[in-house]
Amino acid sequence: MDLFQNLALGFGVALTPANLFFALVGALIGTLIGVLPGIGPIATIAMLLPLTFHLEPTSGLIMLAGIFYGAQYGGSTTAILVNLPGETSSVVTCIDGHQMARQGRAGAALAVAALGSFFAGCVSTLLIAMFAPPLAIVGQSFGAPEYFSLMVLGLIAAVVLAHGSVLKAIAMIVLGLLVGLVGTDGNTGATRFTFGIVELTDGIDVATLAIGIFGIGEIITNLSQPPETRSLVSQKITRLWPTREDFRRAWPAVLRGTSLGSILGVLPGGGATLSSFAAYALEKRSSRHPGEFGRGAVEGVAGPESANNAGAQTSFIPMLTLGIPGNAVMALMIGALTIHGIRPGPQIMTERPEMFWGMIASMWIGNLMLLIINLPLIGMWVQLLKVPYRFLYLAVLLFCAIGVYTVSNSAVAVLLAALFGVAGYVFTRVDCEPAPMILGFVLGPLMEDNLRRAMRISSGDPMIFLQRPISLGLLLAVLALCVLVALPAIRSKREEAFQE
Amino acid sequence: MTPAHDRQIPAARFRQIVMRNDVLAGLLFCAIAVLGLLISRDYPVGTALRMGTGYVPHLLCWMLLALGAAVLLQGLRTTETERPQASDASAWRPLIFVSTSLVLFGLCIERLGLVVSILLLTGVGALAARGLGFLETMAAACVLVALSWAIFILGLGLAIPVWPEW
């Protein structure tokens, strides 16, 4: 069967010593930075993106993917031990995970999270291997109008399913699209929004924007808040292995979380965060003893943790097969591919099968590594939690600065990153999530290109988007989403869902 | 709305409204859109069939302007009581020193090399947080110089000048 052949090819690539090494380094660095407080996964990836540029594309991507799920996993460690979610997708893990830790069951909570994540990782790796090829075939049949409509759907769905004001998020997308236009117009050769600065004629690098908005912006935001009081669970973690009772209660939750997360991850705007929130709600509702939730229910850790890992992995499917990023992390991955000279889209699978399958195989290996790295080394990660932020931010600041400089080899990029950092802080301050901006930025040039091509096909008639059946269907889905969000009843439900 | 609100001095009431997040965000989006339109006013727009350089920028700027206006309206119409905002005074310090340290780094890296640039970045950057003493900053700077030299020069072999070029 093709599936096994493909996976064999993938494991052949992923199991070479060099790639194993990069997967391990990625997972280690990702966990390290994920554990450190105040640095989210987007900032982590943005900051480390430049490091991978000097590698061969496949190794670079394997390392980036390792960083991604390492950071994901590190985030849950801090959630359980310090009640500080390292990132939004582990917010719900805090609720019961930290309570378990306070009752002296920190080891069990960590182990359940790790084992649940590993199981979810295995399942979702298989799912990617099964569903990516057929989806890519669908993608290959798309013309310019279909692609344009698909991107519109991707962008709108991403903000509807994310939290926060939809209107502001769409405005942030448009802003990102605008920033993406900076540089030379590929069709006419004229420069746009370059202010006469030579360095800007090649456009703004995705790493510069991401490091500025997320890395630097996060530093400023963190420093402007009063230092948080951390309630680190100080007692020693003695017992790592969960009890038989924990196992009995956790495994159905792991199964439920994995299936829910795998489905939600594929949706644009889905991915880890939505999955974990939905899984927590599902566990709480379906539990026979809902009263235990919030007081250290093991299901409240197992469900969301499996779900966020499953969702994080299956969100690679639309990115790899259609070239559409569902969330900011995937947008950065697309940026990384582009810098390596690879155009994301359905052709990746046929043109670079070794890279595609190698990356998928490395996801499974990376998950296994995380399990091995995390459980025995948990004591070391706990020590790291005690590093005060005022020491940390200087190192982060420096890494951001060097990173930006090395990616573009220009001092102008560093100045731009400073500017984006200030912008990132200002937008966060007025309650505008900066993440949609990255989505717009990455898709901007592609959208303009497809729009132009569609117009050329139809001799300038915009009705082409409504005449092609697939494009029409996609745009109707956009319309349906917009109507859904605008309906007052659903609006309040949506706010409620994210409040929980 | 409580009668207390009506009796407030108009200026204070105005300030309160303007400081709402949605109002600020709306104004910000509108300002960026107008700026974009101004900059791109000379870009040829062309037709839908033969799109000029300015076609998409203009389209996006008008969209942003509309969205900004909608966010602004939403903010003005809101009737819920404003949440007490954390004072903005504490943000100036990191805002200024973090960005300045980056700008300095960018300006110095090519001429003065990695070591001097790192010292400048940590020195100025350290002013952004309270509670970092002089000795602590010095120690941090030394560790960072050693670390980045090991990772970027030794490990990755990047061609960044380490010392000032005479």
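No experiment lies behind these values; they were computed from the predicted model shown.

Novice: What's the story with the overall build of chain B in this structure? I'm lost.
Specialist: When its secondary structure is counted, chain B shows six helices and zero strands. Going residue by residue from the N terminus, the α and β elements of chain B occur as α-α-α-α-α-α. Each of the 166 residues in chain B was classed as buried or not, and the buried ones make up 40%. A separation of at least 24 residues holds for 59% of the contacts in chain B among residues at least 6 apart in sequence.

Novice: I keep staring at the overall build of chain A and nothing clicks. Help me out?
Specialist: Regarding its fold elements, chain A presents 21 helices and two strands. The C-alpha radius of gyration of chain A comes to 22 Å, within 12% of the 23 Å expected for a compact globule of 500 residues. The proportion of buried residues among the 500 residues of chain A is 62%. Long-range contacts, defined here as pairs at least 24 residues apart, represent 78% of the contacts in chain A between residues at least 6 apart. In the structure as shown, chain A presents an accessible area of about 18200 Å², 66% of it carried by carbon and sulfur atoms. For chain A, the distance from the average position of its 27 positive side-chain charges to the average position of its 27 negative side-chain charges is 9 Å.

Novice: Would you mind going over the side chain of Ser59(A) with me for this structure?
Specialist: All names here are of chain A. As for its position among the elements, Ser 59 is in helix H4 (residues 57–82). A polar contact of 2.7 Å, which involves the side chain of Ser 59, links it to the side chain of Asn 19. Contact partners of Ser 59, with chain neighbours within four places excluded, come to Asn 19 and Phe 22.

Novice: Would you mind showing me how to read the interface of chain B and chain A here?
Specialist: When the parts of a complex come together, some accessible area is lost, and that lost area is often taken as the interface size. If you look at the interface, chain B gives 64 residues, while chain A gives 60 residues. Summed over both sides, the interface between chain B and chain A buries roughly 5400 Å², with carbon and sulfur atoms accounting for 79% of that surface. Contact with chain A buries area across many residues of chain B, yet Met51(B), Thr53(B) and Leu102(B) alone supply 11% of it, more than any other trio. On the surface where chain B and chain A come into contact, there are one salt bridge. Among the ionic pairs, Asp22(B) bridges to Lys168(A), the shortest N-O distance being 2.6 Å.

Novice: Before we go on, may I ask you to explain helix H1 (residues 2–14) of chain A in this structure?
Specialist: Helical periodicity: at 3.6 residues per turn, an α-helix aligns residues three or four positions apart in one direction. Residues and elements named next belong to chain A. Under the 1.5 Å per step criterion, the end-to-end length of H1 is 18 Å for 13 residues, consistent within 8% with the ideal 18 Å. Within H1, burial applies to Leu 3, Leu 7, Gly 10, Val 13 and Ala 14. Each buried residue of H1 sits inside an arc of 120 degrees when the element is viewed along its axis, so together they form one side. Residues of H1 that are exposed and point over 90 degrees away from its buried face: Phe 4 and Gln 5.

Novice: Would you take a moment to explain the packing of aromatic side chains for this structure?
Specialist: Two aromatic rings, taken as a pair, are described by how far apart their centres are and by the angle between their planes. Residue and element names in this part refer to chain A. Tallied over the entire structure, the rule returns eleven aromatic pairs over all chains. Pairing Phe 68 with Phe 316 gives two aromatic rings, centres 6.1 Å apart and planes at 55 degrees, and the pair type is tilted. Of this pair, Phe 68 sits in helix H4 while Phe 316 is found in helix H12 (residues 316–322), placing the two residues 248 residues apart along the sequence. Residue Phe 68 shares its accessibility class with Phe 316, and that shared class is buried. Arranged with centres 6.2 Å apart and planes meeting at 50 degrees, the rings of Phe 118 and Trp 364 form a pair that is tilted. Pair noted here: Phe 118 is in helix H5 (residues 91–140) and Trp 364 is in helix H15 (residues 353–384), with a separation of 246 residues, a long-range link. Judged by relative accessible area, which is 27%, Trp 364 ranks as partly exposed. Connected via pairs of aromatic rings, a cluster forms that spans Phe 11, Phe 118 and Trp 364.

Novice: Mind showing me how you'd approach the pattern of salt bridges here?
Specialist: Side chains that differ in sign of charge can pair as their charged atoms come close. Residue and element names in this part refer to chain A. For the structure shown, the criterion picks out ten salt bridges over all chains. Here Glu 448 ties to Arg 192 by a salt bridge, and the two come within 2.9 Å at their closest N and O atoms. Separated by 256 residues along the polypeptide, Glu 448 in helix H18 (residues 435–457) and Arg 192 in strand S2 (residues 191–192) bring together distant segments of the chain. Exposure remark for Arg 192: the relative accessible area of 2% places this residue in the buried category. One continuous salt-bridge network, built from bridges that share partners, spans Arg 192, Glu 448 and Arg 452.

Novice: How should I be thinking about the confidence of the model for chain A in this particular structure?
Specialist: For residues with low pLDDT, the predicted coordinates do not support detailed interpretation. Residues of chain A with pLDDT of at least 70 account for 92%, and the chain-wide mean is 82. Confidence, expressed as mean pLDDT per element, reaches its minimum in chain A at helix H21 (residues 488–499) of chain A with 58 and its maximum at helix H17 (residues 411–429) of chain A with 91.

Novice: How should the side chain of Thr406(A) be read in this particular structure?
Specialist: Its location among the elements puts Thr406(A) in helix H16 (residues 389–408). Setting aside its immediate chain neighbours within four residues, Thr406(A) contacts Pro50(A), Leu158(B) and Ile160(B).

Novice: Please clarify how the nonpolar core should be interpreted in this entry.
Specialist: Soluble, globular proteins show a tendency: their nonpolar side chains are buried together. Within the largest apolar cluster, 208 residues are counted, with the highest numbers of intra-cluster contacts made by Phe316(A), Tyr393(A), Phe29(B) and Phe105(B). Take this core: its biggest share by element is 17 residues, from H15(A). Contacts of Phe29(B), omitting those with residues within four sequence positions, involve Lys168(A), Ala171(A), Met172(A), Leu175(A), Phe427(A), Cys432(A), Leu64(B) and Gly68(B). Formed by five residues, the second largest nonpolar core is a distinct cluster that contains Val92(A), Phe277(A), Tyr280(A) and Ala297(A).

Definitions and cut-offs
- Residues numbered from 1 in each chain as written.
- Chains lettered and ligands numbered in written order.
- Predicted model: local features only at pLDDT ≥ 70, side-chain atom pairs only at ≥ 80, totals over all residues.
- Heavy atoms only, no water.
- Helix = DSSP H or I, 4+ residues; strand = E, 2+ residues; numbered from the N terminus.
- Buried < 20%, exposed > 50% of the residue type's maximum accessible area, 1.4 Å probe, protein only.
- Contact = heavy atoms within 4.5 Å.
- Rg over C-alpha atoms; globule rule 2.2 N^0.38 Å.
- Areas by Shrake-Rupley, 256 points an atom, 1.4 Å probe, with all protein chains shown as cover.
- Lys, Arg positive; Asp, Glu negative; His and termini not counted.
- Charge placed at Lys NZ, Arg CZ, Asp CG, Glu CD.
- Polar contact = N/O pair within 3.5 Å; in protein donor to acceptor, adjacent residues only side chain to side chain.
- Buried area = accessible area lost by both parts, 1.4 Å probe.
- Salt bridge = Lys/Arg side-chain N within 4 Å of Asp/Glu carboxyl O.
- Expected span 1.5 Å × (residues − 1).
- Arc of directions from axis to C-beta.
- Phe/Tyr/Trp six-rings, centres within 6.5 Å; stacked < 30°, edge-to-face > 60°.
- pLDDT = per-residue confidence, 0-100.
- Core = buried A, V, L, I, M, F, W, Y, C linked by side-chain atoms within 4.5 Å.

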